[in-house]
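Listed below, chain by chain, are the residues.
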Amino acid sequence: MAAQAVGAGDDALRALDEPATVRFTPAAKPLALRWHGSIWQVVGDPVPEPAGVAHARTGATPPAWLFTAQTGPASPVLEFRIGFDARRDEWRLLSVGGTGS
C-alpha cells in the first residue's frame with residue numbers, strides 16, 4: 001500500500017483508537033510505527049506527553065508520545081500520537097494528522 005496523507009490539506013489531528021505496532025530505541029523512545037501496511041520512521045525527537053494525560057476512550061496512561069514520521073524521503077510527514085493501554089496491554093494509535101509544514 002502506498003503512503004498517503006490523511007485528509008490532504010487538513011492539518012488537524014484525526015482521533016483514532018487502533019492497535020499500534022511500535023518499535024522503540026534502547027532509551028525507550030518511539031523509533032518506528034507500522035500503520036496501514038507501511039513502516040513510519042520517526043523524524044526528529046518524539047515528545048512525551050505530560051504525566052496524567054489519558055485518552056478518554058482507551059484509558060491509555062503515560063507513557064504517551066507525540067512524534068512526526070514518514071515512510072521514506074519522498075513521503076508525507078505525518079504527526080502521530082500513541083499511548084499505552086494498560087487494560088489491553090498494548091500500544092494504541094490515538095491520532096494522526098498533517099504537520100502543517
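Each remark here, short or long, concerns the structure printed above.
Each chain has its residues counted from 1, following the order in which its sequence is written. For a predicted model such as this one, the threshold for reporting local features is a pLDDT of at least 70, and the threshold for listing and counting side-chain atom pairs is 80 or more; totals across whole chains, interfaces and linings nevertheless cover every residue. The side-chain values count all of the structure's non-hydrogen atoms but skip hydrogen atoms and water molecules.

**Student:** So what about the nonpolar core? Which residues, and what values?
**Tutor:** The definition of a nonpolar core used throughout is a set of buried Ala, Val, Leu, Ile, Met, Phe, Trp, Tyr and Cys residues joined through side-chain atoms within 4.5 Å. Only protein chains enter the area calculation, which uses a 1.4 Å probe; residues under 20% of their type maximum are buried, those over 50% are exposed, and those in between are partly exposed. Core analysis: the biggest nonpolar cluster contains 16 residues, and Leu33, Trp35, Phe67, Phe80, Ile82 and Leu93 have the highest contact counts within it. Put simply, the parts of the chain that give this core at least two residues each are strand E3 (30-35), strand E4 (38-48), strand E5 (61-70), strand E6 (78-85) and strand E7 (90-98). The residues contacting Phe67, other than those within four sequence positions of it, are Pro30, Leu33, Val42, Pro46, Leu78, Glu79, Phe80 and Ile82. Helix and strand assignments come from DSSP, with helices taken as H or I runs of at least 4 residues and strands as E runs of at least 2, each series counted from the N terminus. What makes two residues a contact is simply this: any of their non-hydrogen atoms within 4.5 Å.

**Student:** Describe the side chain of Gln70, naming the residues involved and giving the relevant values.
**Tutor:** Turning to its location among the elements, Gln70 is positioned in strand E5. For Gln70, the side chain forms a polar contact with the main-chain oxygen of Ser75, separated by 3.1 Å. In this structure, Gln70 is in contact with Ile39, Trp40, Gln41, Val43, Ser75, Pro76 and Val77, ignoring residues within four places of it in sequence. Polar contacts here mean pairs of N or O atoms no more than 3.5 Å apart (in protein, one a potential hydrogen donor and the other a potential acceptor; neighbouring residues in sequence count only if both atoms are side-chain atoms).

**Student:** Tell me about the pattern of salt bridges, residues and numbers included.
**Tutor:** Any Lys or Arg side-chain nitrogen located within 4 Å of an Asp or Glu carboxyl oxygen qualifies as a salt bridge. Scanning the entire structure with this criterion turns up seven salt bridges. For Arg81, the salt bridge is made with Glu49, and the minimal N-O distance between the two is 2.4 Å. In this pair, Arg81 is assigned in strand E6 and Glu49 in the loop between E4 and E5, connecting sequence segments 32 residues apart. Both residues of the pair, Arg81 and Glu49, count as buried. Within this structure, Asp17, Asp85, Arg87, Arg88, Glu90 and Arg92 form a network of salt bridges that share partners.

**Student:** Requested: an account of unusual backbone geometry, with residues and values cited.
**Tutor:** Of note in this structure, Ala28 is not a glycine but carries a positive phi near 65°. Inspection of the secondary structure assignment puts Ala28 in the loop between strand E2 (21-24) and E3. In the Ramachandran plot, His36 falls in the positive-phi region, its phi being about 50° despite a non-glycine side chain. Structurally, His36 is set in the loop between E3 and E4.

**Student:** Describe the pairing of E6, with residues and values.
**Tutor:** By the criterion of burial, E6 is predominantly enclosed, with six of the eight residues buried. With eight bridges joining them, E6 and E7 adopt antiparallel strand pairing. In the sheet register, Ile82 faces E7, and the bridge partner there is Leu93. DSSP bridges decide pairing: two strands pair if at least two such bridges lie between them. Hairpin connection of E6 to E7: four residues between the antiparallel strands, including Asp89 at a positive phi of 55°.

**Student:** Provide a residue-level description of the environment of Thr21, including the pertinent values.
**Tutor:** Mapped onto the elements, Thr21 comes out in strand E2. By relative accessible area, which is 52% here, Thr21 ends up exposed. For the pair formed by Thr21 and Trp91, sequence separation is 70 residues and the distance between their alpha carbons is 7.0 Å. Once residues lying within four places of it in the same chain are set aside, the contact partners of Thr21 are Ala32, Leu33 and Arg34.

**Student:** Please provide a residue-by-residue account of the packing of aromatic side chains, values included.
**Tutor:** For any two aromatic rings, the description comes down to two numbers: the centre-to-centre distance and the angle of the planes. Stacked, edge-to-face and tilted labels apply to pairs of Phe, Tyr and Trp rings (six-membered ring for Trp) whose centres lie within 6.5 Å, assigned for plane angles under 30 degrees, over 60, and everything in between, in that order. Here the structure, examined in full by the defined rule, presents six aromatic pairs. Ring centres 5.5 Å apart and planes at 70° place the aromatic pair Phe84 and Trp91 in the edge-to-face group. Classification of Trp91 as buried rests on a relative accessible area of 16%. By the ring-pair criterion, three or more aromatic residues cluster together here, those being Trp35, Trp40, Phe67 and Phe80.

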